[in-house]
Amino acid sequence: MRRLLIAGNWKMNCGPYDAAELLEGLKAKKSEVNENVDVLVCPPFVSIGMAVKYLYDTDIQVGAQNLHFEENGAFTGEISGSMLTESGCNYVIIGHSERRQYFGETDETVNQRTKKALEHKLAPIICVGESLSQRKADEHYDLVKDQITNALNGVSAEEVLDIVIAYEPIWAIGTGETASPEQAQEMHEHIRNVVANLYSQDAADSINILYGGSMKPANAQELLSQADVDGGLIGGASLDADSFSEIITIAEELA
Ligand code: PGA
């Protein structure tokens, strides 16, 4: 039985002061979480320390939004896997569409980052998903299959058990548009089949596949009730303690 994972992606929001306020609110509402649900917040790098400090006595874990694929050295502006584990992270988001769109992230760098995260025992949350034009051209299934196949190139059958995949249709991110529960389920099932074909049905059955794209309290129940939707990667609604904790409560009721 898969546990549900509710992950907040704060994106470029909340420096340490705002983070402290948001974390206070979240802690007041949800410091204990049902054992069948994992909860995670991914603040910007500069607020990771604040989050770890605030959340150490709660069931809420801390992750990062990116990592570099080299170990250390002359890579100005980058953050390594060991820095993240040392800071208290146990997850890292990789290949978010905003990074692919604005910062030159490719399937190849997603693969390099994934392998580096696994080396450091950081669970990679690998983001995949299509644009509206790709969906209209009926390319979305092939595209997502390629994104996953490339991201997992060289990842062993043992390592794959630690990965999380987030399906984030680009047309639903930050737009208020959501994939319908049926659209989400269809793609999640496809993703699980891709993993089954690459590895095994057991591996596919054990990994978490999250939905991302305007998940909020009003639609979380329908989305999280789908057989292959194992949680959410939540942007906007994770910046509000009430909304985020409401989504966690919905997940607890379903778990
Ligand atoms: P959103 O973002 O919930 O604001 O649409 C989701 C994401 O990009 O992870």
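Up top is the structure.
As the structure is a prediction and not an experimental result, all values here were calculated from the model. (Residues numbered from 1 in each chain as written. Predicted model: local features only at pLDDT ≥ 70, side-chain atom pairs only at ≥ 80, totals over all residues. Heavy atoms only, no water.)

Draft legend 1. Layout of the sheet that holds strand β7 (residues 208–212). Pairing is parallel in the closed barrel, where eight strands are placed in the order β1-β2-β3-β4-β5-β6-β7-β8. With direction set aside, neighbouring strand axes in the sheet form an average angle of 25 degrees. Inspection of the sheet shows strand β4 (residues 91–94) paired to strand β5 (residues 123–128) by four bridges, in the parallel sense. Counted as the bridge partner of isoleucine 93 is isoleucine 125 from β5. In the packing of helix α11 (residues 241–254) onto the sheet, the strands contacted are β1 (4–9), β2 (37–42) and β8 (231–234), and the crossing angle to β1 comes to about 170 degrees. (Pairing = 2+ DSSP bridges. Helix = DSSP H or I, 4+ residues; strand = E, 2+ residues; numbered from the N terminus. Axes fitted to C-alpha atoms, helices over the stretch in contact; angles between N-to-C directions. Contact = heavy atoms within 4.5 Å.)

Draft legend 2. Expanded view of the pattern of salt bridges. Enumeration according to the criterion identifies 15 salt bridges in this entry. Ionic pairing is found between lysine 27 and aspartate 57, a salt bridge with its closest N-O pair at 3.2 Å. Placement of lysine 27 in helix α1 (residues 16–30) and of aspartate 57 in the loop between α2 (45–55) and β3 (60–64) is noted, with a sequence separation of 30 residues between them. A salt bridge links glutamate 130 to arginine 135; the shortest N-O distance between them is 2.7 Å. Per residue, the accessibility class of glutamate 130 equals that of arginine 135, and both read buried. (Salt bridge = Lys/Arg side-chain N within 4 Å of Asp/Glu carboxyl O. Buried < 20%, exposed > 50% of the residue type's maximum accessible area, 1.4 Å probe, protein only.)

Draft legend 3. Seen up close, the packing of α1 against α2. Contact geometry for α1 and α2: axes closest at 9 Å, N-to-C directions at 30 degrees. With respect to their mutual orientation, α1 and α2 come out roughly parallel. The handedness of the crossing between α1 and α2 comes out as right-handed. In this structure, α1 contributes Pro16, Ala19, Ala20, Leu23, Glu24 and Lys27 to the contact, and α2 contributes Val46, Ser47, Met50, Ala51, Tyr54 and Leu55. (Parallel < 35°, antiparallel > 145°, perpendicular 65-115°, else oblique. Left-handed = near helix turned anticlockwise from the far one by under 90°.)

Draft legend 4. View of the nonpolar core. Of all hydrophobic cores here, the largest spans 67 residues; its most connected members are Ile6, Val41, Ile148, Ile191 and Tyr211. If sequence neighbours within four positions are ignored, isoleucine 148 has contacts with Val128, Ile165, Ile191, Val194, Val195 and Leu198. Core analysis: the next-biggest nonpolar cluster, separate from the first, contains 13 residues, Tyr91, Ile125, Ala166 and Leu233 among them. (Core = buried A, V, L, I, M, F, W, Y, C linked by side-chain atoms within 4.5 Å.)

Draft legend 5. Fine view of unusual backbone geometry. Positioned with a positive phi, lysine 121 is a non-glycine residue whose angle comes to about 60 degrees. Summarising the element assignment, lysine 121 is placed in the loop between α5 (107–119) and β5. Taking the relative accessible area as the measure of exposure, lysine 121 reaches 70% and is therefore exposed. Located in the positive-phi region is serine 214, a residue other than glycine, with phi close to 55 degrees.

Draft legend 6. Quick peek at the site of the ligand. Around the ligand sit 13 residues in total, of which Lys11, His96, Gly174, Ser214 and Gly236 are the nearest. At 2.9 Å from an oxygen atom of the ligand is found a main-chain nitrogen or oxygen belonging to glycine 235. Here glycine 236 contributes a backbone N or O atom positioned 2.8 Å from an oxygen atom of the ligand. Contact with the protein chains hides 95% of the accessible area of the ligand, taken as 280 Å² for the molecule alone. Looking at the shell around the ligand residue by residue, the classes come out as four nonpolar, seven polar and two charged. (Near = heavy atom within 4 Å. Polar contact = N/O pair within 3.5 Å; in protein donor to acceptor, adjacent residues only side chain to side chain. Areas by Shrake-Rupley, 256 points an atom, 1.4 Å probe, with all protein chains shown as cover. Nonpolar A, V, L, I, M, F, W, Y, C, P; charged D, E, K, R; others polar.)

Geometric values such as these leave the question of function open.
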